[in-house]
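# Structural overview for review
Here is how the chains run, residue by residue.
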Amino acid sequence: ASPCSGSALKGTQVSFGAAAGGAATTVVALTNTSKSPCSLDGYPRLQLISEKGADLPTTVEHGGTGIPTSLGALGVNLAARGGQASFMLSPSSSQPTCPQATKMTVSVPGSSKSFTMIAEINACGGIVQASPFQVGLVKLP
């Protein structure tokens, strides 16, 4: 299948949990809203956004202590209308004074289009660890 367009995806933050070091890990589900199957490969690109709509410093690390090593980089094919994939996010550190992102813009490889979704992520130092795209919904450890 051809690469998914960011404009054909809908993102939803589906679960939270504590990962290594106590940082809040989250799973983001992506749903294909187009009439055609598509594929995702690699890692998401992200821009965290504050409650006031300002871009927060954002650096995405591939993997990290908050991401299980079992989540390898595999290509994912999404069925037309409703096919799902997901990825896991974990801030690199967690402190009570970290700015809170209330939204984020997500871009996927192979597409110049992005989408913005509601998300609650601590933006500690702007560094967020991400898993590669996975088939279906990732289960938190």
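This text goes with the structure placed above it.
Now for a description of the structure that goes with this document. Here the structure is a predicted model, which means the values were calculated and not measured. (Residues numbered from 1 in each chain as written. Predicted model: local features only at pLDDT ≥ 70, side-chain atom pairs only at ≥ 80, totals over all residues. Heavy atoms only, no water.)

### As for the state of the cysteines
Evaluated as defined, the whole model comprises one disulfide. Here Cys-4 engages in a disulfide with Cys-38; their sulfurs sit 2.0 Å apart. Given an S-S torsion of about 80°, the disulfide between Cys-4 and Cys-38 has right-handed geometry. One end of the pair, Cys-4, is in the segment before β1 (9-18); the other, Cys-38, is in strand β3 (residues 38-40), with 34 residues separating them in the sequence. For the pair shown, Cys-4 and Cys-38 are each scored as buried. (Disulfide = S-S within 2.5 Å. Helix = DSSP H or I, 4+ residues; strand = E, 2+ residues; numbered from the N terminus. Buried < 20%, exposed > 50% of the residue type's maximum accessible area, 1.4 Å probe, protein only.)

### Things to note about the nonpolar core
One finds Leu-40, Leu-48, Leu-78, Phe-87, Leu-89 and Met-104 to be the most contacted residues of the largest nonpolar core, which totals 26 residues. Secondary-structure elements contributing two or more residues to this core are β2 (24-32), β3, β4 (45-50), β6 (76-78), β7 (84-91), β8 (100-107), β9 (114-122) and β10 (127-130). The element contributing the most residues to this core is β9, with four residues. Leave out the neighbours within four places in its chain, and Leu-78 touches Cys-4, Leu-9, Leu-30, Asn-32, Pro-37, Cys-38, Leu-40, Gly-83, Gln-84 and Ala-85. Val-27, Ile-67, Met-88 and Val-138 belong to the second largest nonpolar core, which has five residues in total. (Core = buried A, V, L, I, M, F, W, Y, C linked by side-chain atoms within 4.5 Å. Contact = heavy atoms within 4.5 Å.)

### A short note on the pairing of β8
Direction of pairing for β4 relative to β8: antiparallel, over a ladder of six bridges. Residue pairing for β8: Leu-46 is matched across the bridge by Val-106. As paired elements, β8 and β9 share seven bridges and run antiparallel to each other. Residue pairing for β9: Val-106 is matched across the bridge by Phe-115. Two successive antiparallel strands, β8 and β9, enclose a turn made up of six residues, where Gly-110 displays a positive phi of approximately 90°. (Pairing = 2+ DSSP bridges.)

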